[in-house]
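So the chains spell out like this:
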Amino acid sequence: MQKIAYLVLVLLWSTTPLAINWSVQGVPFSLALAGRFGLAAVLCLLVLLLSRKKIPVSSWPAAACAGASTALSMLCVYWASLTVSSGLVAVLFGLIPLATAGFSWLWLGLRLNRGELLAMAMGMAGLLIIFAEKLSLSGIAGVFAVLLAVLIQAAAAVKLKKLAAGQSPLAVNAGALTIAALLLSIICAMQTSSVSFVLPKQSMLAIAYLAVFGSVLGFSLYYWLIRECKPITVSLISLITPASALWMGHSLNGEQVSSALIWGTVCILLGLGVHLLAQRGRR
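Being a predicted model, the structure only gives us computed values, none of them experimental.

This part takes up the overall build of the chain. Across its full length, the chain holds 12 helices and 0 strands. Along the chain direction, N to C, the helices and strands of the chain fall in the order α-α-α-α-α-α-α-α-α-α-α-α. Relative to its length of 283 residues, the chain is compact, with a C-alpha radius of gyration of 18 Å against a globular reference of 19 Å. Seen through its principal axes, the chain has C-alpha atoms that stretch 50 × 45 × 30 Å.

Next up, the structure:
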């Protein structure tokens, strides 16, 4: 079951950056976000209702942590998607396992072995290569925004390991999506005016895809894996998604893949590979 969940999440996380990029084309990013999470919350609550389940009081701390962190990180990602390619977003999100290791060291007292330290150094090297290119181009602010989202997601993954213990993944996801939808709706109302918007068909389809598959299915599987596995192990799904998302962005969206981005991606993926080997040696 865990292997199937991993495969599904790899597919979802490979396509999510491109879907986010498409969802903000001709649409205010806050409206795209509120639409995605509002629809996702309704669908998830409907699933709970049909299964005759409720969100227990004990699930709300995990839901609050997940909902707030998701809202903040997705705000950063959606804003960055206006200037940053979907492939680069996926590559930077590949740093989540390394950031998770850092937070596990800070908060859980996890000792990092030499392999994990080497992996973090390689990830930083790849990040510096990408930054060196972006310093002379537009989009540097977007890169910083995605990195902030990475830190938020990694910190939440470590916190959720304890908060989500023994909780229903569906209940946690329903509560988290509801909280995220409320926060993002408030931000959307503050940012957008009463002017009517003509939503492009591609944007509406992308928002619907992100709501159903990216949020309801994806986050439910993610929280289930967080409950069942180590947070660092779960985040290693990011090992595959950067390369596949780069290919999808280039093939389906005509995104340019520079030599600096390729070399930076190679360093990050090598770092993730070393990290995976170091984790196996820890067992």
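A few words on helix α8 (residues 169-191). It helps to recall that an α-helix has 3.6 residues per turn; residues three or four apart then point in one direction. Spanning 23 residues, α8 covers 32 Å between terminal C-alpha atoms, matching the ideal 33 Å at 1.5 Å per step. Within the sequence span of α8, burial applies to P169, A171, V172, N173, A174, G175, A176, L177, A180, A181, L184 and C188. Each element contacted by the buried residues of α8 is listed here: α2 (29-50), α3 (60-80) and α9 (201-228).

Turning to α9, a few remarks are in order. Compared with the 40 Å implied by 1.5 Å per residue over 28 residues, the 38 Å span of α9 between its first and last C-alpha is a close match. Where α9 bends most, the angle comes to about 35 degrees, and this point is G218.

Okay, the side chain of Q167 next. With respect to the helices, strands and loops of the structure, Q167 is situated in the loop between α7 (140-163) and α8. Within the structure, Q167 has its side chain in polar contact with the side chain of S59 (distance 2.6 Å). Excluding its chain neighbours within four sequence positions, the residues that come into contact with Q167 are P56, S58, S59, V172 and R227.

Moving on, we get to the packing of aromatic side chains. Enumeration over the complete set of coordinates arrives at 2 aromatic pairs. Measuring from centroid to centroid gives 5.3 Å for Y209 and F213, while their planes differ by 35 degrees, and the two rings are tilted. Here Y209 and its partner F213 are both found in helix α9, 4 residues apart, which amounts to about one turn of the helix. For F213, a relative accessible area of 39% puts it in the partly exposed group.

Turning to a nonpolar patch on the surface, a few remarks are in order. A cluster of nonpolar side chains, namely V257, I262, W263, V266 and L270, defines an oily patch on the protein surface of about 450 Å² accessible area. With respect to the helices, strands and loops of the structure, V266 is situated in helix α12 (residues 259-282). Here V266 falls in the partly exposed class, since its relative accessible area comes to 32%.

Calculation rules
- Residues numbered from 1 in each chain as written.
- Predicted model: local features only at pLDDT ≥ 70, side-chain atom pairs only at ≥ 80, totals over all residues.
- Heavy atoms only, no water.
- Helix = DSSP H or I, 4+ residues; strand = E, 2+ residues; numbered from the N terminus.
- Rg over C-alpha atoms; globule rule 2.2 N^0.38 Å.
- Expected span 1.5 Å × (residues − 1).
- Buried < 20%, exposed > 50% of the residue type's maximum accessible area, 1.4 Å probe, protein only.
- Contact = heavy atoms within 4.5 Å.
- Bend = angle between axes of the 7 residues up to and from the residue.
- Polar contact = N/O pair within 3.5 Å; in protein donor to acceptor, adjacent residues only side chain to side chain.
- Phe/Tyr/Trp six-rings, centres within 6.5 Å; stacked < 30°, edge-to-face > 60°.
- Patch = residues over 30% accessible without salt bridge, like charges linked within 9 Å, V, L, I, M, F, W, Y side chains within 5 Å.
- Areas by Shrake-Rupley, 256 points an atom, 1.4 Å probe, with all protein chains shown as cover.
- Salt bridge = Lys/Arg side-chain N within 4 Å of Asp/Glu carboxyl O.

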